[in-house]
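# Observations on the three-dimensional arrangement
Chain by chain, the residues run as shown.
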Amino acid sequence: MFKIPELERSLSASDHDTRCSDSSAVADAQLDFHVENNIASSLTFTVKGIFTKCLKPGARFLPLGFTSKDFVSRDQFMCRKRVYTKPMDFDISEGKKTHGNAFEIAHFRPNIGLAPLFWHNDQKIPGGQTTAMGYRAILFQSVEHYQALEENPDFQDNFKNIDYMDSPSFGEQVIVEGCDSTQLAIGDIFAVEGGPTVSTLVIEITSPRKPCFHVNKKHGTAMGPKGIQRHTLTYGLAGWFTSVIVAGELRDGMRLVRIKHPNPKWTLSYISKKMFGEASKRNHTLCKAEWLGGKKELEELINLPQLGEYEWKEDAKQLLKKWDENSEITTATTGTSGTMNAVRKNPISSFIGALQILLLARTGFDIIVTIVVLGYFVFIAVDKSSSQVILMEENST
């Protein structure tokens, strides 16, 4: 039996951010929390490293001769530095040799996570203000994911000069050991082993991390289907987000144990594969969501109360909307198996899509937009890292 502080789970999913923010109420609610089953209690992972922002140097501090091209090097993306917490197996004699008594505290709070706000939970709202996305409070990554990538022949060279325990390459805040994306599921709740006497922290998994093009830049891989962005998106290897249900501290060596496992079907790897791993060649290259399963299963995913809204639930809702629209205009039908049949494509659209894929793969640009101007297809390619834009024309007649 675990005895931990927790908010009442009867609150609706729409109250998620509110209940997470009321940490004082949570701290007072000491509830007997029974482990649901052996599956839930069997999974634990250990904190190996905690990281915070490492600011890039301003222009006036850069070396002489430093040019704008240097800003696109891997060191300029997702910069992190280690937070040196007091390890659980701390040896005072060894500690004085390394960090003395100047250990840092990594305290994670509802909504915010580890202050200050990180890019992943900092949401812009009208008026120029920002608000935290509480379901993305902490970004985790695992040693097992790094090892899988290091052992992949396609990416071995890209990890030769990366010490991820010194400078993590996925922008994460916490690296753990003992789990991978096939074992973690949406809604899993973890508490620190030993309970509140060790740490009051309680977290809930809300989504896989959907990697952006910065992951390719950081690892020096190509844009498109052969990049590490595409690979980690397909297999759910880019990390995962959690909300903070109860505030608390994390330290190196702490073990977190799974105490709730409500959606065992919806593992991080399964969701990643269903939404991004079975896409058409065009959507696969562009890292766009596509659903080839049944409508009932898509609705089941959308109705998971713990699933994060941004990127994942939003994309799933858009896929369901397209499904309904296609059904209404009979451009797509639902067969007896419940799967969406292929939509007959306009040959010109197929031609444009093929050219977009070719241009993305060959040029390494991040976006290819197509418009028609006076009988010509005009392809606009954008490289986000250098704000470079190019125009390419192709006669449409």
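Just above, that's the structure.
The shown structure was predicted, so the numbers you read here are calculated from the model rather than taken from an experiment. (Residues numbered from 1 in each chain as written. Predicted model: local features only at pLDDT ≥ 70, side-chain atom pairs only at ≥ 80, totals over all residues. Heavy atoms only, no water.)

Moving on, we come to the packing of helix H7 (residues 228–235) against helix H8 (residues 268–277). The geometry of H7 relative to H8 is characterised by a closest axis approach of 6 Å and an angle of 120° between their N-to-C directions. Here H7 lies oblique to H8, going by the angle between them. Counting all contacts with H7, which are made through Arg230, Leu233, Thr234 and Tyr235, the residues of H8 involved are Ser269, Ser272, Lys273, Phe276 and Gly277. When the residues that make up the contact of H7 with H8 are grouped by side-chain class, the tally is 3 nonpolar, 4 polar and 2 charged. (Axes fitted to C-alpha atoms, helices over the stretch in contact; angles between N-to-C directions. Helix = DSSP H or I, 4+ residues; strand = E, 2+ residues; numbered from the N terminus. Parallel < 35°, antiparallel > 145°, perpendicular 65-115°, else oblique. Contact = heavy atoms within 4.5 Å. Nonpolar A, V, L, I, M, F, W, Y, C, P; charged D, E, K, R; others polar.)

Moving on, we come to the packing of aromatic side chains. Applying the stated rule across the entire model yields 10 aromatic pairs. An angle of 65° between the planes, with centres 5.6 Å apart, marks the rings of Tyr146 and Phe170 as edge-to-face. Of this pair, Tyr146 sits in helix H5 (residues 143–150) while Phe170 is found in the loop between H5 and strand E10 (174–177), placing the two residues 24 residues apart along the sequence. The same class applies to Tyr146 as to Phe170, namely buried. Here the aromatic rings of Phe276 and Trp312 are separated by 5.4 Å at their centres, their planes lie at 80°, and the arrangement is edge-to-face. Placement of Phe276 in helix H8 and of Trp312 in helix H11 (residues 309–328) is noted, with a sequence separation of 36 residues between them. With respect to burial, Phe276 and Trp312 carry one shared label: buried. Each residue in the set Phe45, Phe140, Phe190 and Trp240 is aromatic and connected to the rest through ring pairs, giving one cluster. In this structure, Lys274 packs its charged tip against the face of Trp291, placed 5.3 Å from the ring centre. (Phe/Tyr/Trp six-rings, centres within 6.5 Å; stacked < 30°, edge-to-face > 60°. Buried < 20%, exposed > 50% of the residue type's maximum accessible area, 1.4 Å probe, protein only. Lys NZ or Arg CZ within 6 Å of the ring centre and 35° of its normal.)

The subject of this paragraph is the pattern of salt bridges. Here the structure, examined in full by the defined rule, presents 12 salt bridges. For Arg82, the salt bridge goes to Asp252, with nearest N and O atoms at 3.1 Å. You can see Arg82 sitting in strand E4 (residues 80–83) and its partner Asp252 sitting in the loop between strand E14 (248–250) and strand E15 (255–260), a full 170 residues away along the chain. Counted as one network, the salt bridges with shared partners bring together Lys265, Lys274, Glu297 and Glu300. (Salt bridge = Lys/Arg side-chain N within 4 Å of Asp/Glu carboxyl O.)

It is worth spelling out the sheet that holds E14 at this point. Taken in spatial order, the 3 strands line up as E6-E5-E14 in an open sheet, and their pairing is antiparallel. In this open sheet, the two strands that pair with only one neighbour each are strand E6 (113–114) and E14. (Pairing = 2+ DSSP bridges.)

As judged from the 3 bridges shared by strand E3 (residues 44–53) and E15, these two strands associate in the antiparallel manner. Its bridge partner lying in E15, Thr46 is registered against Arg255. Where strand E11 (residues 189–192) meets E15, 4 bridges bridge the pair, whose relative direction is antiparallel. Each residue of the ladder has a partner; that of Phe190, found in E15, is Arg258.

The next point concerns the pairing of strand E9 (residues 138–142). Within E9, 5 of the 5 residues are buried, which leaves the element mostly enclosed by the surrounding structure. Along E9, one buried face is formed by Ile138, Phe140 and Ser142 and the opposite face, lined by Leu139 and Gln141, is buried too. As defined by bridge partners, E9 adjoins strand E13 (residues 240–246) across 3 bridges and the pair is classed as antiparallel. Within the sheet, the bridge partner assigned to Ile138 lies in E13 and is Thr242. Pairing analysis gives 3 bridges linking E9 to E10, with the strands arranged parallel. Bridge assignment links Ser142 to a residue of E10, and that residue is Val176. With respect to chirality, the unit in which E9 leads through H5 into the neighbouring parallel E10 is right-handed. (Right-handed = clockwise from strand over helix to strand, strands pointing away.)

If you trace the backbone, Ser272 turns up in helix H8. The buried category is assigned to Ser272, whose relative accessible area is 1%. Separated by 63 residues in the primary sequence, Ser272 and Arg209 place their C-alpha atoms 9.3 Å from one another. Aside from chain neighbours lying at most four places away, what touches Ser272 is Pro208, Leu233, Thr234, Tyr235, Gly236, Gly277 and Trp312.

Of note in this structure, Asn111 is not a glycine but carries a positive phi near 70°. Mapped onto the fold, Asn111 is located in the loop between strand E5 (106–109) and E6. Here Cys287, not a glycine, exhibits a phi torsion of approximately 60°, which is positive. Assessed through its relative accessible area of 11%, Cys287 is described here as buried.

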